[in-house]
Amino acid sequence: MQSFSTADLLDEYPESNVLMENFLSYGEVSIFFGRAKTIHAPEDNSLVRQALETEGNNQVLVIDGGASRACALVGDQLALLAIENGWAGIIVNGYIRDSAVIAEMPIGIKALGTNPRKSIKKNRGEADIELTIAQIPIKPGNWVYSDADGVIISEHNLLISE
């Protein structure tokens, strides 16, 4: 894994966007980055499971749950799928569960908090669409960088010289 600091990346690329939500870090991995795979998941994590069952190719799954506190959109079983299928990390504009188990798993997960209630499963939502989280647009394929200081979004890979 390539080492970076979001603060240093923003110093060099100030045009990058910062997700100004109060995301908390879960999982053993505190620094991760990759291209965004986007999902709108309104209190239903069916599409989240479908995405994590596919080859991740070091992507970051960005889930917009609308910051709903009604249920968790990721738990330990989905985190395990992410690890097994090579996802770089998960960012949830919503809540997770099984946080004690996830804390010991080799994956980076950021979310707004925890809720023990599981989501409904009705195949609601949309995948591979532009999301807007905290007034920041996130398109499929954007680059996502996450560390202890926060999450930044860029249209370009900031870790290679162009």
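No experiment lies behind these values; they were computed from the predicted model shown.

Q: A description of the overall build of the protein chain should follow, citing residues and the corresponding values.
A: In terms of regular secondary structure, the protein chain is built from 4 helices and 12 strands. Overall size of the protein chain, expressed as C-alpha extent along the three principal axes, is 45 × 30 × 30 Å. Taking all 162 residues of the protein chain together, 50% fall into the buried category. Of all intrachain contacts in the protein chain linking residues separated by at least 6 positions in sequence, the fraction that spans at least 24 positions is 73%.

Q: Can you break down the nonpolar core residue by residue, with the values?
A: Of all hydrophobic cores here, the largest spans 25 residues; its most connected members are Val48, Leu52, Leu61, Ile63, Val74, Ile90 and Ile109. Contributing elements (two or more residues each) for this core: α2 (46–52), β4 (60–64), β5 (72–74), α3 (76–84), β6 (89–96) and β7 (108–114). With sequence-adjacent residues up to four places away left out, leucine 52 is seen in contact with Leu61, Leu78, Leu81, Ala82, Asn85, Trp87 and Ile90. Counting residues in each nonpolar core, the second largest holds 17 residues, with Leu19, Phe23, Ala36 and Ile138 among its members.

Q: Hey, could you go over unusual backbone geometry for me, with residue numbers and the actual values?
A: One non-glycine residue, asparagine 57, lies in positive phi territory at about 50°. Mapped onto the elements of the fold, asparagine 57 is located in the loop between α2 and β4. For asparagine 57, a relative accessible area of 56% puts it in the exposed group. The backbone of glutamine 135 sits at a positive phi, close to 65°, despite the residue not being glycine. Tracing the backbone through its elements, the reader meets glutamine 135 in the loop between β9 (131–133) and β10 (136–138).

Q: Go over the pattern of salt bridges with me, naming the residues and quoting the values.
A: Enumeration over the complete set of coordinates arrives at 3 salt bridges. Between glutamate 53 and arginine 49 there is a salt bridge whose closest N-O contact spans 3.8 Å. Aspartate 98 is paired through a salt bridge with arginine 97; the nearest N and O atoms lie 3.9 Å apart. Note on aspartate 98: relative accessible area 29%, which makes it partly exposed. Judged by its relative accessible area of 27%, arginine 97 is partly exposed.

Q: So, the packing of aromatic side chains: which residues are in play, and what are the values?
A: As enumerated under the stated definition, the model contains 4 aromatic pairs in all. Measuring from ring centre to ring centre gives 5.6 Å for phenylalanine 33 and tyrosine 145, while their planes differ by 5°; the resulting arrangement is stacked. Of this pair, phenylalanine 33 sits in strand β3 (residues 32–40) while tyrosine 145 sits in strand β11 (residues 143–147), and the two are 112 residues apart along the sequence. For tyrosine 145, a relative accessible area of 0% gives the class buried. Cluster of aromatic residues (ring-pair linked, three or more members): Phe4, Phe33, Trp143 and Tyr145.

Definitions and limits used
- Residues numbered from 1 in each chain as written.
- Predicted model: local features only at pLDDT ≥ 70, side-chain atom pairs only at ≥ 80, totals over all residues.
- Heavy atoms only, no water.
- Helix = DSSP H or I, 4+ residues; strand = E, 2+ residues; numbered from the N terminus.
- Buried < 20%, exposed > 50% of the residue type's maximum accessible area, 1.4 Å probe, protein only.
- Contact = heavy atoms within 4.5 Å.
- Core = buried A, V, L, I, M, F, W, Y, C linked by side-chain atoms within 4.5 Å.
- Salt bridge = Lys/Arg side-chain N within 4 Å of Asp/Glu carboxyl O.
- Phe/Tyr/Trp six-rings, centres within 6.5 Å; stacked < 30°, edge-to-face > 60°.

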